[in-house]
Amino acid sequence: MIWLFFLFMGCTLVFYYGILWVSDEYKEYHRYDEPHGRSMKVISPSNVEEPKEMEAFERLRLFFVEGE
């Protein structure tokens, strides 16, 4: 029983410090920085102006079509 307790505590500590290590690694990761190297812009703003006033049904349809 004592051996099982120490095994459980050891695995718990390894898991806990592993999670802390992964968390510290991702704190230094800046995912919103400008990309480096030979990257290119995937989308560009469209020249089509959206109407200022839209009905609720049109807004819902646009949401489902565009996904935004």
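All of these numbers come straight from a predicted model, not from anything done at the bench. (Residues numbered from 1 in each chain as written. Predicted model: local features only at pLDDT ≥ 70, side-chain atom pairs only at ≥ 80, totals over all residues. Heavy atoms only, no water.)

## Side note on the overall build of the protein chain
Right, so step 1: Looking only at helices and strands, the protein chain features 2 helices and 0 strands.
Right, so step 2: Within the protein chain, buried positions represent 0% of all 68 residues.
Right, so step 3: Summed over all atoms, the accessible surface of the protein chain reaches about 7,900 Å², with 63% contributed by carbon and sulfur. (Helix = DSSP H or I, 4+ residues; strand = E, 2+ residues; numbered from the N terminus. Buried < 20%, exposed > 50% of the residue type's maximum accessible area, 1.4 Å probe, protein only. Areas by Shrake-Rupley, 256 points an atom, 1.4 Å probe, with all protein chains shown as cover.)

## Remarks on the pattern of salt bridges
A pair can form between side chains of opposite charge whenever their charged atoms are brought close.
Right, so step 1: As enumerated under the stated definition, the model contains 2 salt bridges in all.
Right, so step 2: Here Asp24 makes a salt bridge to Lys27, at a shortest N to O gap of 3.9 Å. Of this pair, Asp24 and Lys27 are both found in helix H1 (residues 2–27), 3 residues apart, which corresponds to roughly one turn of the helix.
Right, so step 3: One salt bridge in this structure joins Arg61 and Glu58, with 3.4 Å as the shortest N-O distance. Of the two residues, Arg61 and Glu58 both sit in helix H2 (residues 56–66), 3 residues apart, roughly one turn of that helix.
Right, so step 4: Judged by relative accessible area, which is 42%, Arg61 ranks as partly exposed. (Salt bridge = Lys/Arg side-chain N within 4 Å of Asp/Glu carboxyl O.)

## A look at the packing of aromatic side chains
Right, so step 1: Evaluation of the coordinates by the stated rule reveals 3 aromatic pairs.
Right, so step 2: For the ring pair Tyr16 and Tyr17, a centre distance of 5.2 Å and an interplane angle of 75 degrees mean the geometry is edge-to-face.
Right, so step 3: Exposure remark for Tyr16: the relative accessible area of 47% places this residue in the partly exposed category.
Right, so step 4: By relative accessible area, Tyr17 is classed as exposed at 52%. (Phe/Tyr/Trp six-rings, centres within 6.5 Å; stacked < 30°, edge-to-face > 60°.)

## Digging into H2
Right, so step 1: Within H2, only 0 of the 11 residues are buried, leaving the element largely exposed.
Right, so step 2: One or two residues past the end of H2 sits Gly67, with phi positive at roughly 80 degrees.

## Details of a nonpolar patch on the surface
Right, so step 1: A contiguous nonpolar patch, built from Ile2, Phe5, Phe6, Phe8 and Met9 and spanning about 580 Å² of accessible area, is present on the exposed surface.
Right, so step 2: Residue placement: Phe5 occurs in helix H1.
Right, so step 3: The exposure class assigned to Phe5 is partly exposed, which follows from its relative accessible area of 49%. (Patch = residues over 30% accessible without salt bridge, like charges linked within 9 Å, V, L, I, M, F, W, Y side chains within 5 Å.)

These values are about where atoms sit, not about what they do.
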